[in-house]
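Tertiary structure, described
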Amino acid sequence: MKKTLTLAGSDSSGGAGIQADLKTFQEHNVYGMTALTSIVAMKPDNWSHDVTPIAVSTVEKQLDTILSIGIDAMKTGMLGSVEIIELGATKLKANQINKVVIDPVMVCKGEDEVLQPENTDAMRELLLPLATITTPNLFEAGQLAQTGPIKDIAGMKEAAAKIIELGAENVVIKGGKALEHEKAVDLFYDGSEFLLLEKEKVNTTYNHGAGCTFAAAITANLAHGKSVKEAVIAAKEFVHAAIVDGWKLNQFVGPVMHGAYNRR
Ligand code: PXL
């Protein structure tokens, strides 16, 4: 059985975070383990997010448990603090983990809580050099590459090149629906060849957890031994189906359907 780790936060509403990761791992027939970094709760009346960080010493104990077992691949999600980013980088290096998906979560969709610039700096400096692949959305790519807002494919290419310079082996920038383009485009770059992954845009707002699900699917595919490019291409199919079958959970949020691909 292939084993995977997610170092990420809990989304109590079940669509994103470690919940998305575990559901996605299960759908890929890998054994998922979790090191929880933070707990996100939503206010019932307006769904504003409330984030409780987990003590760094507790995150470390979880990582030590999981790394004593051993893993085939891992991902990161919401990390919450510079201390946790530093801890993650230290453990990754000490254990020579070599299939690492860095999903540089900066802010939840629809939330405009103040960015923590020190977290972005720490992710750029400590985690990108350890990344087999990083999976920023347009906003996160602009922050990591320090290119400013990205609007088009030329901007995505410029940011992707910077992110490779910063030390990531591969990058896939999620253009999604926000990009000024007729299709939903993600841009994959391995330092030598750009690959545009295009899909019809899905007209839905029920896509909560799509980013986490995509990164978790890449992680599971890497654990199974796929090449990075194959892992990304297969993950895009998986998350596209999950978005097509996204559904309304309540008046505020609609998660992707993590099991949609396998049910087709
Ligand atoms: O979708 C980003 C995200 C990641 N991780 C956790 C979250 C969210 C958004 O809600 O709650 C734990």
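Below, the structure is looked at part by part. (Residues numbered from 1 in each chain as written. Predicted model: local features only at pLDDT ≥ 70, side-chain atom pairs only at ≥ 80, totals over all residues. Heavy atoms only, no water.)

Examining empty space enclosed by the protein
In this structure the tally under the stated criterion is one cavity of 30 Å³ or more. The space that makes up the largest cavity amounts to roughly 40 Å³. If you trace the largest cavity, you find it lined by L5, L7, L63, L67, M74, G88, K91, L92 and I97. Listed by contribution, the elements that provide at least two residues to the lining of the largest cavity are β1 (3-11), α2 (56-69) and α3 (82-94). (1 Å grid on protein atoms, 1.4 Å probe; cavity = no way out; pocket = protein on both sides within 12 Å on 5 of 7 lines; lining within 4 Å. Points joined across faces, edges and corners; volume = space filled by probe spheres on them. Helix = DSSP H or I, 4+ residues; strand = E, 2+ residues; numbered from the N terminus.)

Observations regarding helix α1 (residues 17-27)
Those residues of α1 not exposed but buried are G17, I18, A20, D21, T24 and F25. Each buried residue of α1 lies within a common arc of 155 degrees when the element is viewed along its axis, so the set occupies one face. Turning to α1, the residues buried within the fold contact β1, β2 (31-42), β4 (73-76), α7 (210-223) and α8 (228-244). Downstream of α1 by a residue or two, N29 has a phi angle that is positive, lying close to 60 degrees. (Buried < 20%, exposed > 50% of the residue type's maximum accessible area, 1.4 Å probe, protein only. Arc of directions from axis to C-beta. Contact = heavy atoms within 4.5 Å.)

So, the nonpolar core
In globular proteins that are soluble, nonpolar side chains generally tend to be buried together. Ranked by internal contacts, the top residues of the largest apolar core, which has 48 residues, are L63, I71, M74, L127, M156, I163 and I173. Apart from the residues lying within four places of it in its own chain, the contact partners of I163 are L128, T134, P136, A141, L144, A145, A168 and V171. If you look at the next biggest cluster of nonpolar residues, it comprises 28 residues, including L195, A210, A215 and A217. (Core = buried A, V, L, I, M, F, W, Y, C linked by side-chain atoms within 4.5 Å.)

Overview of the side chain of D186
Along the chain, the position of D186 falls in strand β8 (residues 183-189). A distance of 2.9 Å separates a polar atom in the side chain of D186 from a polar atom in the side chain of K236. The contacts of D186, once residues within four sequence positions are left out, are M156, V172, I173, K174, G175, G176, L195, L196, L197, F214 and K236. (Polar contact = N/O pair within 3.5 Å; in protein donor to acceptor, adjacent residues only side chain to side chain.)

A closer look at the pattern of salt bridges
Any two side chains of opposite charge can pair, given that their charged atoms come close. Counted under the stated rule, the structure contains twelve salt bridges. Among the ionic contacts, a cluster of salt bridges with common partners joins E60, D64 and K91. (Salt bridge = Lys/Arg side-chain N within 4 Å of Asp/Glu carboxyl O.)

Description of the pairing of strand β7 (residues 171-174)
Alternating residues of β7 divide into V171 and I173 and V172 and K174, and every residue in both groups is buried. Relative to β8, β7 is paired through four bridges, and the arrangement is antiparallel. Paired with V172 across the bridge in β8 is F188. (Pairing = 2+ DSSP bridges.)

Side note on unusual backbone geometry
If you check the backbone angles, Q96 has positive phi at about 50 degrees while not being a glycine. Mapped onto the secondary structure, Q96 falls in the loop between α3 and β5 (100-102). A positive phi angle, close to 55 degrees, is found at Q146, a residue other than glycine. Tracing the backbone through its elements, the reader meets Q146 in the loop between α5 (138-145) and α6 (153-165). Residue Q146 is classed as exposed on the basis of its relative accessible area, which comes to 57%.

Shape is all these values report; function is a separate question.
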